[in-house]
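Residue-level structural notes
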Amino acid sequence: MGLVGKSLCAIALSVSVVSAGHAALVEPTLRLKPQAAETAGGRVALTLDACGGKTDTRILSALVDNRIPATIFVTGIWLKRNAAAVEIMRAHPDLFELENHGGRHIPAVDTPQKIYGIRSAGSPDAVQAEVESGAAALVSAGGPAPKWFRGATAEYSPSAIAMIRKLGFKIAGFSINGDGGSLLGARETARRIAAAKDGDVIISHINQPTHAAGEGVVQGLLALKAKGMTFVRLDDAEGVGNNGTTD
C-alpha cells in the first residue's frame, strides 16, 4: 500500500481507513451482466486509466494491432498532453471508447482529506467541478459526451457517488486490479490480467510508458485473447456496480 500511495494514479486495493469524522470511503466494484446466451470463452471489459503523463505505446499499439476494444478513462490533463494518441483512438472508434476520469485527477471525495497521498476535492462543489470539467474536456477534444466517470484513486465518499449519479454519470468500478496503479512488475501484472474470468472488468493504466507493468498488461491481454476471451467496451455491455454506482 505504501508504494501505491506514491503514485498519482494509485488504485486502492481495499476500502480506506479514514480519519475520525469522515464517512468511510468506498471502492465500488463493476462486473458485466451475464448474457442470455453465453459467449464462447467469455467476455471481459478492459478499462485503462490515462491520469496524466504520457502514453504507453506498447499498450496502445497492441490494442490496435490485435483489435482489442478498450474503454479509456482520460483526464483533461492527459488529453492536452497526448494529442497524437487521442488521434489514433479517434481513428478507431470501433476499438476505443473515451470516458471521464476528471478534469485534474482529483479524488471525488467531498470532505477534505488525502487518499493515498492525493488531496481530495474536499467539498460537493469541488467534486462537481472535477466531474464536469472532465466531461467538458472530452467534448472540447471532439468526442461525444461521456457516460461513465471514474475518479482518481477509484475511491469515493457515498455522498459524492449520489451527486455524480445525479449529474447523469455511471461510476466505473472494477473487479480486477491488473497493474496495482502501474506499480506492479510485468510478471504479476500479466498473471492478474490473464486470470480474468467471464464478466470481469479489468483496470490498468496506459499513461506510464516507462513502467514494467505496461509490458505485463500486453502479455496478459494476449493470453486472454489466446484463450478465446471476447473483449467489450463498457458501452457495448451492461455493467452492474455496487454502492449505487450504476442503478
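Presented here is an overview of the structure given in this document. Please read all numbers here as calculations on a predicted model, not as lab measurements.

**What about the overall build of the protein?**
- Counting its regular elements, the protein contains eight helices and twelve strands.
- Considering only intrachain contacts with a sequence separation of at least 6, the fraction spanning at least 24 residues in the protein is 79%.
- Carbon together with sulfur atoms contributes 56% to the accessible area of the protein, which is approximately 10,300 Å² in total.

**Remarks on helix H6 (residues 158-166)**
- Three or more residues of H6 are buried, namely Ala160, Ile161, Met163 and Ile164. Angularly, the buried residues of H6 cover 165° about the axis, an arc narrow enough to put them on a single face.
- Packing partners of the buried residues in H6 comprise helix H5 (124-140), strand E7 (148-149) and strand E8 (170-171).
- Two residues or fewer past H6, Gly168 is found with a positive phi of approximately 100°.

**Observations concerning the layout of surface pockets**
- A volume near 200 Å³ is recorded for the largest pocket.
- Every residue lining the largest pocket is counted, 13 residues in all, and those nearest its centre are Arg90, Phe96, Glu97, Leu98 and Pro144.
- Elements that contribute at least two residues to the lining of the largest pocket include exactly helix H4 (83-90) and strand E4 (96-100).
- For the lining of the largest pocket, the per-class residue count stands at seven nonpolar, no polar and six charged.

**Comments concerning the nonpolar core**
- Core analysis: the biggest nonpolar cluster contains 33 residues, and Leu63, Ile72 and Phe96 have the highest contact counts within it.
- Only strand E2 (43-50), helix H2 (57-65), strand E3 (70-74), helix H3 (76-81), H4, E4 and helix H8 (213-226) provide two or more residues apiece to this core.
- A total of five residues in this core trace back to one element, the largest contributor, which is H2.
- Not counting the four nearest positions on each side in its chain, Leu63 is found in contact with Leu46, Leu48, Ile68, Ala70, Leu95, Phe96 and Leu221.
- Core analysis: the next-biggest nonpolar cluster, separate from the first, contains 15 residues, Val26, Ala121, Val127 and Ala160 among them.

**Section: the packing of H5 against H6**
- The geometry of H5 relative to H6 is characterised by a closest axis approach of 10 Å and an angle of 45° between their N-to-C directions. Considered as vectors, H5 and H6 are oriented oblique to each other. Crossing geometry of H5 relative to H6 is assigned as right-handed. Side by side, H5 and H6 meet where Pro124, Val127, Gln128 and Val131 of the first sit next to Ala160, Met163 and Ile164 of the second.

**Points about the side chain of Asp49**
- Summarising the element assignment, Asp49 is placed in strand E2.
- At 2.8 Å, the side chain of Asp49 and the side chain of Arg150 are in polar contact.

**Concerning the packing of aromatic side chains**
- Within the structure shown, the criterion is met by zero aromatic pairs.
- A cation over an aromatic ring shows up here: Arg150 above the ring of Phe73, its NZ or CZ 4.6 Å from the ring centre.

**Observations concerning the side chain of Glu130**
- You can see Glu130 is positioned in helix H5.
- There is no salt bridge for the buried Glu130, and the closest opposite charge comes from Arg104, which lies 4.9 Å off by N-O distance.
- Not counting the four nearest positions on each side in its chain, Glu130 is found in contact with His101, Gly102, Gly103, Arg104, His105 and Ile106.

**Notes on the pairing of E3**
- Judged by how many residues are buried, E3 sits mostly within the fold: five of five residues are covered.
- Burial of E3 is two-sided: the residues Ala70, Ile72 and Val74 facing one way and the residues Thr71 and Phe73 facing the other way are all buried.
- In this sheet, E3 lies alongside E2 in parallel orientation, the contact comprising four bridges. Among the inter-strand pairings, Thr47 is bridged to a residue of E3, identified as Thr71.

The rules we used
- Residues numbered from 1 in each chain as written.
- Predicted model: local features only at pLDDT ≥ 70, side-chain atom pairs only at ≥ 80, totals over all residues.
- Heavy atoms only, no water.
- Helix = DSSP H or I, 4+ residues; strand = E, 2+ residues; numbered from the N terminus.
- Contact = heavy atoms within 4.5 Å.
- Areas by Shrake-Rupley, 256 points an atom, 1.4 Å probe, with all protein chains shown as cover.
- Buried < 20%, exposed > 50% of the residue type's maximum accessible area, 1.4 Å probe, protein only.
- Arc of directions from axis to C-beta.
- 1 Å grid on protein atoms, 1.4 Å probe; cavity = no way out; pocket = protein on both sides within 12 Å on 5 of 7 lines; lining within 4 Å.
- Points joined across faces, edges and corners; volume = space filled by probe spheres on them.
- Nonpolar A, V, L, I, M, F, W, Y, C, P; charged D, E, K, R; others polar.
- Core = buried A, V, L, I, M, F, W, Y, C linked by side-chain atoms within 4.5 Å.
- Axes fitted to C-alpha atoms, helices over the stretch in contact; angles between N-to-C directions.
- Parallel < 35°, antiparallel > 145°, perpendicular 65-115°, else oblique.
- Left-handed = near helix turned anticlockwise from the far one by under 90°.
- Polar contact = N/O pair within 3.5 Å; in protein donor to acceptor, adjacent residues only side chain to side chain.
- Phe/Tyr/Trp six-rings, centres within 6.5 Å; stacked < 30°, edge-to-face > 60°.
- Lys NZ or Arg CZ within 6 Å of the ring centre and 35° of its normal.
- Lys, Arg positive; Asp, Glu negative; His and termini not counted.
- Salt bridge = Lys/Arg side-chain N within 4 Å of Asp/Glu carboxyl O.
- Pairing = 2+ DSSP bridges.

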